Amino acid sequence: MVGTGPRGRQSELARCSVVGYHGDVIYDKYVRPQLPVVDYRTRWSGVTKGHLRNAIPFRAAQAEILKILKDKIVVGHAIHNDFQALKYFHPKDRTRDTSRIPLLNQKAGMPVRASASLKSLAKHLLHKKIQVGCRGHSSVEDAQTAMELYRLVEVQWETELARSQPPRPPSPPADPSTDSDQYLDDQYWPTDLTAGRGAGGAEDGFSQA
């Protein structure tokens, strides 16, 4: 997100990345905020003025992204912030927030009720460093990391949820208009991600910057 409004304190979406179950990139675009940008927050967001020059308008991006998320289980870290930036509410029973899983905290040797950062969980459980350097976070890397963490505890977590939640109705047939190929726009891809990108997965992980 970047900062808009008085003193740049309002957060607006500037880049959205969606990955599939195995981390393959389904959607990755820069998004033009509705208000003028006051603070690009580049150190954290990785977004610069140049990135937004040809960015897709927010409402158009929102429509594309919500088509992808419809009827999916969506995984993310502190994902309520992502939904807020999208001006969207995803069904609770289809949302998996890796910042709120006691199972992950236990595996990482952290207090069960603590709100662990994505960076900390990645270091302790995946043995990898993310969000390093001064060029800002990569929303693709964050999304892929959240999905990796989810897969670590997926079976146990889903089993526990199945016991505590009523069964959800089956999803309607897939809408061909949501074909993921139309959401991959080469001009928006960071150069280090253009090689070896895969096809879309069955379940979606989500993150934004």
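As annotated in an unreviewed UniProt entry, the protein chain carries the name Interferon stimulated exonuclease gene 20 and comes from Anser cygnoides. Here the protein chain is described in UniProt, under the heading Subcellular location (unreviewed entry), as follows: "Nucleus".

Draft legend 1. Layout of the nonpolar core. Core analysis: the biggest nonpolar cluster contains 21 residues, and Leu104, Leu121, Leu149 and Trp157 have the highest contact counts within it. Put simply, the parts of the chain that give this core at least two residues each are helix 4 (102–108), helix 5 (118–126) and helix 6 (139–164). Take this core: its biggest share by element is seven residues, from helix 6. Residue contacts for Trp157: discarding those within four places in its chain leaves Arg96, Asp97, Ile101, Leu103 and Tyr150. Counting residues in each nonpolar core, the second largest holds 18 residues, with Ile26, Tyr27, Ile68 and Val74 among its members.

Draft legend 2. Representation of the layout of surface pockets in the model. Volume-wise, the largest pocket comes out at about 640 Å³. Considering the residues around the largest pocket, the lining is formed by 25 residues, among which Lys92, Thr95, Arg96, Asp97 and Arg100 are closest to the centre. When contributions to the lining of the largest pocket are tallied by element, the ones reaching two or more residues are helix 3 (79–86), strand 8 (95–97), helix 4 and helix 6. Of the residues forming the lining of the largest pocket, the biggest block, four residues, is contributed by helix 3. A class-by-class count of the residues in the lining of the largest pocket yields 11 nonpolar, eight polar and six charged.

Draft legend 3. How the structure looks around the environment of Arg100. Its place among the elements puts Arg100 in the loop between strand 8 and helix 4. Expressed as a C-alpha distance, the spacing of Arg100 and Ser115, which sit 15 residues apart in the sequence, is 6.5 Å.

Draft legend 4. Quick peek at the pattern of salt bridges. Summed over all chains, the structure comprises seven salt bridges. The residue Glu158 makes a salt bridge to Arg96 at a minimum N-O spacing of 2.7 Å. Taken together, the positions of Glu158 in helix 6 and Arg96 in strand 8 put the pair 62 residues apart, joining distant regions of the chain. Using a relative accessible area of 21% as the deciding quantity, one classes Glu158 as partly exposed. Exposure remark for Arg96: the relative accessible area of 2% places this residue in the buried category. Between Arg100 and Asp97 there is a salt bridge; the shortest N-O distance is 3.6 Å. Judged by relative accessible area, Asp97 falls into the buried class, the value being 9%. If you follow the salt bridges from partner to partner, you end up with Lys70, Asp71 and Arg94 in one network.

Reading the values: the criteria
Residues numbered from 1 in each chain as written. Predicted model: local features only at pLDDT ≥ 70, side-chain atom pairs only at ≥ 80, totals over all residues. Heavy atoms only, no water. UniProt positions renumbered as here; feature names shortened; annotations may be inferred. Core = buried A, V, L, I, M, F, W, Y, C linked by side-chain atoms within 4.5 Å. Buried < 20%, exposed > 50% of the residue type's maximum accessible area, 1.4 Å probe, protein only. Helix = DSSP H or I, 4+ residues; strand = E, 2+ residues; numbered from the N terminus. Contact = heavy atoms within 4.5 Å. 1 Å grid on protein atoms, 1.4 Å probe; cavity = no way out; pocket = protein on both sides within 12 Å on 5 of 7 lines; lining within 4 Å. Points joined across faces, edges and corners; volume = space filled by probe spheres on them. Nonpolar A, V, L, I, M, F, W, Y, C, P; charged D, E, K, R; others polar. Salt bridge = Lys/Arg side-chain N within 4 Å of Asp/Glu carboxyl O.

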